[in-house]
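Listed here are the chains, written in short residue letters.
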Amino acid sequence: MRGHSLIATRVVAMLRDRFGVRLTMRQLFASRTVRALAAELDDLVAAQSADA
């Protein structure tokens, strides 16, 4: 992964700051497409809203 893991760490931090969700590196790398990542983010946001 080398440089990709550094970029991924930045992406996870940006998503946390922007959307207030805790996306793991595993979840990020499991999302093979932008569409899959968007669906994962939607699920996390919905779960967070349900908990509030």
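Each chain carries its own residue numbering, running from 1 in the written order of its sequence. Whole-chain, interface and lining totals are the exception, using all residues; otherwise, since this is a predicted model, local features are given only for residues with pLDDT of at least 70 and side-chain atom pairs are given and counted only at 80 or more. Note: side-chain values were computed over all heavy atoms of the structure, leaving out hydrogens and water.

### Considerations on the overall build of the protein chain
Each helix corresponds to a stretch of at least 4 residues labelled H or I by DSSP, and each strand to a stretch of at least 2 residues labelled E; elements are numbered beginning at the N terminus. The secondary structure content of the protein chain amounts to 3 helices and 0 strands. Its helices and strands in sequence order give the protein chain the pattern α-α-α, from N to C terminus. Its C-alpha atoms put the protein chain at 35 × 20 × 15 Å along the principal axes. The buried label goes to any residue with under 20% of its type's maximum accessible area, the exposed label to any with over 50%, and the partly exposed label to all in between, with areas taken from a 1.4 Å probe on protein chains only. The 52 residues of the protein chain split such that 19% are buried. The contact criterion used throughout is that any non-hydrogen atoms of two residues lie within 4.5 Å. Expressed as a percentage of contacts within the protein chain between residues at least 6 apart in sequence, the contacts between residues at least 24 apart total 22%. Surface exposure here means Shrake-Rupley accessible area, sampled with a 1.4 Å probe, where a residue is shielded only by the protein chains that are shown. When the accessible area of the protein chain is evaluated, it comes to approximately 4,300 Å², of which 57% is carbon and sulfur surface. Here Asp and Glu are counted as negative and Lys and Arg as positive; His is not counted, and neither are the chain ends. To locate a charge, take atom NZ for lysine, CZ for arginine, CG for aspartate or CD for glutamate. Between the centroid of the 8 positive side chains of the protein chain and the centroid of its 5 negative side chains there is a distance of 12 Å.

### Side note on helix α1 (residues 3-19)
By this rule, a helix spans an expected 1.5 Å times one less than how many residues it contains. The end-to-end C-alpha distance of α1 is 24 Å, a good match for the 24 Å that 17 residues give at a rise of 1.5 Å each. Every buried residue of α1 is accounted for by A8, V12 and L15. For α1, the angular spread of buried residues about the axis comes to 65°, placing them on one side. Opposite its buried face, α1 presents the exposed residues L6, I7, R10, D17 and R18, each directed more than 90 degrees away. Buried positions along α1 lie against α2 (25-30) and α3 (34-51). Count one or two residues on from α1 and you reach G20, which has phi positive near 70°. It is the directions from the helix axis to the C-beta atoms whose arc is reported.

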